[in-house]
Structure formats: C-alpha cells, structure tokens
Amino acid sequence: MKKLLAMLLALSILFGLCACGGGAAGGDDEMSADGKMIVKIGMPNGATVVDLENNDLTKWVEEECNVELRFEVYDEKEAATQVNAAIAARQKLPDILYGINLPQATLERYGREGYYVDMAPYLYNEDGSEKTEGPGATFWGRLNNTDGHNIVEVSAAQKGNIVRQVTDLTTGAIYTIPVVETSLIDRMDSQAWINVQWLDKLSLEKPTNSEELYQVLKAFKENDCNGNGDKNDEIPLFGSRVAGFGADCVAWLINLFVYYDESHNWLIDENGQLAPSYLSDDYRKAMIYINKLYEEELLTSLAWSASLTEMKSITTPSDGVPVCGIFTGHLTMHVRTDAIDIVKQYEPLQTWGVAIRNEETVSTGGVINGEISQAKQDKCFEILMKLWSWEGSMRQRYGVPGIHWKEADEGAKSDLGLDAEYNLFNPISGQHTYQWHKIGCAFNNMAEMETAQAAEAGTQDEWYNLRQSMHAESYRLFAESEKNNNPAKVCPVLVYTEDERENATHYLTNIGDRYRQAGMEFMMGVKDASNQSVWDAYVKQVEDLGHAEHKALAQKAYDRQ
C-alpha cells in the first residue's frame, strides 16, 4: 500500500506541475481593510442558519486563520449542478466549496483540468510518507489516533478505506478533504425494537431464531395485543426500505440468513475469492421466508414504501395506542419524540443473524478552487484543516465549547457506558446560529448518541434519557452479534480506476437492477424462489448480464486494495 501511495504521489506532483488551471502564480488576492485575506466559501443553504457572516463558527475560523470570510450560497438540492454549470460557463468559483457532495468522478475530471486543487502534496512528503508537520499533519493525526481525541480508534483498514475513496487512483491526486462519519450507533444498518408489553400479555419470550420470530409475529397478528378491541389493527413487523437510518426491516430479515448489503454484496471465501450473496442458497432461503411472512400479512407491504413521516405516524400513533409488534429504525428519526409512553413499551431485539455495520460514511467536504493564487490555496487548506481538527469537528456538530459542550472529566462514562470524551450541556438546537448547518469538512468518530458522549446532569429531558438508554442496550446487543455471528470476511467498498469505472458502473447498474427486482418479485410472491427452475432462470439472467466480467473487475479492485 505504501509503495502504491508513493508512486501515486509522484504522479500527482507531475500532474500538478502540468495542470493548466490557473492562478497559482497570481497576486490578485483581495484583502480586507485591516489587512486580512478575504476567502469566499460556497455552500448549500440551510433554513436553520440565521446569519453566516456573524456565525460563531465563522468568527472562530476568522480568528484562528486570520482571514475574513464571505459566503456564496447555493440551492441545497441543486448545489452540485450549479457548480458544474458555473464551470461550464467559465464563471469564477468561490475559493472553497464546502459541504457540496460532488461525485468522485466529477472531482477527478475537473481536478485534472485544474479547476480543483490537488491536496496530496499538502498531505504527503515527496517519498509518499505522511506529513508530520504543518497543517496536513492534522489530517493524519486524526486518522492515526495520535491527536488524543479518538475514543473509538480508527483501524488501518478503516483508514485505508477513507483515503482510498477520495484518491484518484490513476494520478494519486486528492481533490477533497472529506466529511467522515465513523459513528458506531449511526452505522448500525438495522435496529429492531420489539413491544415487550405485547410479549408479556401473550406469555412469550423474545425470538432467538427465524422460526420463533415467525411464531411471535403470528401471535401478534391473531390477538388484540394493544387492547383497543380491534383485532385487525396490529402490524406484526414494520419498517421501510426507503426511509433510511436503519429502517429497512426487509434487509434486516435477509441478514438473519446471509450477509446482505444492497450497495455492495461481495463476500470473500477462504481463498480470497469474491462471491455475491444474492446468488447464494442462504439468500434464496431468505426470499422464501420473507414471502411466507408477506403472504400471511405478518410483514406489511408498507415496508417497501413508507416515508419517514408515515413511519412516525405508524410507530407512534397520535392516539397513544401502539400498533407495531416489531419495527426497525433509528429512534431519533422514526418515532415521535413526544410519544414517550409508546416508546417505553419497546426494547431492542437481539439479532441472531449478521449485524451489519455500514462502511464509514465518506463524502465530499472541502474543495479548493484551482484558479486562485498559491498563497490563497495555502490559506484555504489551513482553513480546511482547522475545520477537520477535533475542535473544528466538534464546533461544526455541537456548537461552542463551554456553552454547548465541554471535554469530559477524567473517568467520566458516556451514555453507552464507555469512556466519555465530551459532555453536552444542551440538546442539539434546531436553530444553528453557532454553525453552518452543513458539515463540510470534519472527522467525527462520534455522533449524537455516540460512544464518546455524556450528558451534563440535569441538562437533558426525559426523551433524551430514554432514547440514550435504549440505544445503549441496542448497541450492546449489536456488538455481541457482530462479534459472534458475522462472516469473517466481508469485502470493503471497492474503488475503481478511471478506466475500470465505466464498466464497473455498467455492470453494477444492470446486475443490481436485476437482483433487486427479482428480490422484490420473490418476496412478494410474483415469482416462486422455492421452484428450482424459477431460481435457475434468475441465476442465468444475472450471468447473462455479465456476472463473470463484473466479478473479474471486482476481484481486480479487491486484490489491488
């Protein structure tokens, strides 16, 4: 890996010398009346941000970096399109693009043309080693667990995954300092909650295998568990494939049988060879089982379509009468925060199958305009590193130290019972007057309801305390399942070279569409997965779409990584 990085860095420096995107030798930097460099930041708008110019985060960056910040605001949903349109029209971009999620392919295309700065020389020495001095050292300090603030250590594999996703594999260039989330709670793919009051009423125990789950769901359907006199309003199992944040109960069910992640499904055998889970016998068993639940109305059809708003109205009805036996999702997102009496009836359900921890979330964070002077590029990188630092990351997420949070006292425990790293004084405010709303360049190995967080006594409400305790138990059970049940080798996110990317995308799209569509047909009974000829026809369809070629590309990327 080090040899590869050294080679790519050399290419990056060469390309950087040849880049035509401009301004590096220019001297037209605008200065404020008091002699500070003016830096313009472009970012998506945010309805909750009252004032960017006089924001607490703005004032902190200005003071720390001795600059004056000005802002150009883009439409929140169309920001990437607006930036690309500005480049096409040869309009001048802001000095920094912040929190605009530009696809890696787009970054590479325009970066090679000189529109974006290659930041690899700020991060690596000429021999390919990591910078240990200067602003770039901040980047590696966080990833190498040496800055004193990583309560959850970043493994070598995680670090490689993060860096690889923002590196142009052809040239070695790095055009963005990313936003990285390694939050443990938020990376749990599915969180299942079961109504223990219903279990007690029926003298049942929490299920520990798929047959027991079936019997519990059947009992939930056949009895008036919520006691409202209506035996038909109970929903035994509920979630949503489209509501996000761990709400996909269908994926949860599949993972009771086999590792399944809809975005990347490669497993690795003992010989280091990749195989997709969606062609396995265990996946087929999952399809048959889910269809059984669906046909017997133990799994609602709403699991394929319910929106975030609809989920809240179903998991926590306004009349205070629960209707869900089991639901999946994040308590912050999928229940009403004023429905404490309903939420108290639920406890986390141990998963006996695969406990999926999503890959670290890596997205475009800070991008520097390649058509500004070298001096301004250097200052922009300094700003990005200030935002990437521990304090910068915390300020972007939680607000002002001493007002909204403080570093935890020695020996303090977090809400998950682990060593605490910080204490919150206040719940997260909906009025982000102290930050920029969009986290555009940060490394957070913690998050709200995370391992490192503790609440200052008496500062949080009943809902916060209930939610924290439920998530703490959920994570404990998740970690136990992850340790005992997960396959030894799950393939990391694969990163392709420019030459490979078009073919990989083609296969991913066509094959992905086929196995997702077939999965829906199997689960809803349109096609019978238990019929061997039907199953064989599905496998052949996948093979005819280029499965062998797709696997060869994926294997090449995996072997390289």
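Quick summary incoming for the structure in this document.

Quick notes on the rules
- The written sequence of each chain sets the order in which its residues are numbered from 1.
- Only residues with pLDDT of at least 70 get local features here, since the model is predicted, and only at 80 or more are side-chain atom pairs given and counted; chain-wide, interface and lining totals rely on the full set of residues.
- Excluding hydrogens and water, the side-chain figures rest on all heavy atoms present in the structure.
- Per the convention used, a helix needs a DSSP run of H or I reaching at least four residues, while a strand needs a run of E reaching at least two, with both numbered from the N terminus.
- Each residue gets one of three labels from its accessible area relative to the maximum for its type: buried under 20%, exposed over 50%, partly exposed in between, using a 1.4 Å probe on protein chains only.
- The Shrake-Rupley method, run with a 1.4 Å probe, gives the accessible areas here. Residue values count only the displayed protein chains as cover.
- Here is the rule: rings of Phe, Tyr and Trp (six-membered ring for Trp) pair when centre to centre is within 6.5 Å. Planes less than 30 degrees apart are stacked, more than 60 are edge-to-face, and the remainder are tilted.
- Remark: a charge is flagged as sitting over a ring if the NZ atom of Lys or the CZ atom of Arg is within 6 Å of the ring centre and within 35 degrees of the ring normal.
- We place a 1 Å grid over just the protein atoms. Points where a 1.4 Å probe fits but has no way out form a cavity, open points with protein on both sides within 12 Å along at least 5 of 7 lines form a pocket, and any residue with an atom within 4 Å of a point lines it.
- Grid points are joined across faces, edges and corners, and a volume is the space filled by probe spheres set on the points.
- Under the grouping applied here, Gly and all other residues not named as nonpolar or charged are polar, the nonpolar ones being Ala, Val, Leu, Ile, Met, Phe, Trp, Tyr, Cys and Pro and the charged ones Asp, Glu, Lys and Arg.

### What about the overall build of the protein?
Inference 1: Looking only at helices and strands, the protein features 20 helices and 15 strands.
Inference 2: Here the protein, with 561 residues, has 53% of them falling under the buried criterion.
Inference 3: With an accessible surface of roughly 23800 Å², the protein has 49% of that area assigned to carbon and sulfur atoms.

### Some remarks on the packing of aromatic side chains
Inference 1: Using the criterion set out here, one finds 20 aromatic pairs in the structure.
Inference 2: Seen from their ring centres, Phe-71 and Trp-436 are 5.5 Å apart, and the 75° between their planes marks the pair as edge-to-face. In this pair, Phe-71 is assigned in strand β2 (residues 67-74) and Trp-436 in the loop between β13 (422-424) and β14 (442-444), connecting sequence segments 365 residues apart.
Inference 3: With a relative accessible area of 14%, Phe-71 lands in the buried category.
Inference 4: Each ring, one from Trp-198 and one from Phe-220, has its centre 5.3 Å from the other, and the planes form 80°; the classification is edge-to-face. Taken as a pair, Trp-198 in helix α8 (residues 196-201) and Phe-220 in helix α9 (residues 210-222) lie far apart in primary sequence, 22 residues in all.
Inference 5: The class of Trp-198 is buried, set by a relative accessible area of 2%.
Inference 6: Judged by relative accessible area, Phe-220 falls into the buried class, the value being 0%.
Inference 7: Among the aromatic residues, ring-to-ring pairing joins Tyr-260, Tyr-283, Phe-522, Trp-535 and Tyr-538 into one connected group.
Inference 8: In this structure, Arg-109 is placed above the aromatic ring of Tyr-110, and the distance from its NZ or CZ to the ring centre is 4.8 Å.
Inference 9: Between the NZ or CZ atom of Arg-516 and the centre of the ring of Tyr-515, over which it lies, the distance is 5.5 Å.

### Quick word on empty space enclosed by the protein
Inference 1: Throughout the structure, instances matching the rule amount to 4 cavities of 30 Å³ or more.
Inference 2: In this model, the largest cavity occupies a volume close to 160 Å³.
Inference 3: Taken together, 16 residues line the largest cavity, and the ones lying closest to its centre are Ser-190, Gln-191, Trp-252, Thr-351 and Phe-478.
Inference 4: Of all the elements, helix α17 (residues 462-485) adds the most residues to the lining of the largest cavity, at 3 residues.
Inference 5: In the lining of the largest cavity, the residues fall into 10 nonpolar, 5 polar and 1 charged.

Take it as geometry only, folks, not as evidence of what the structure does.
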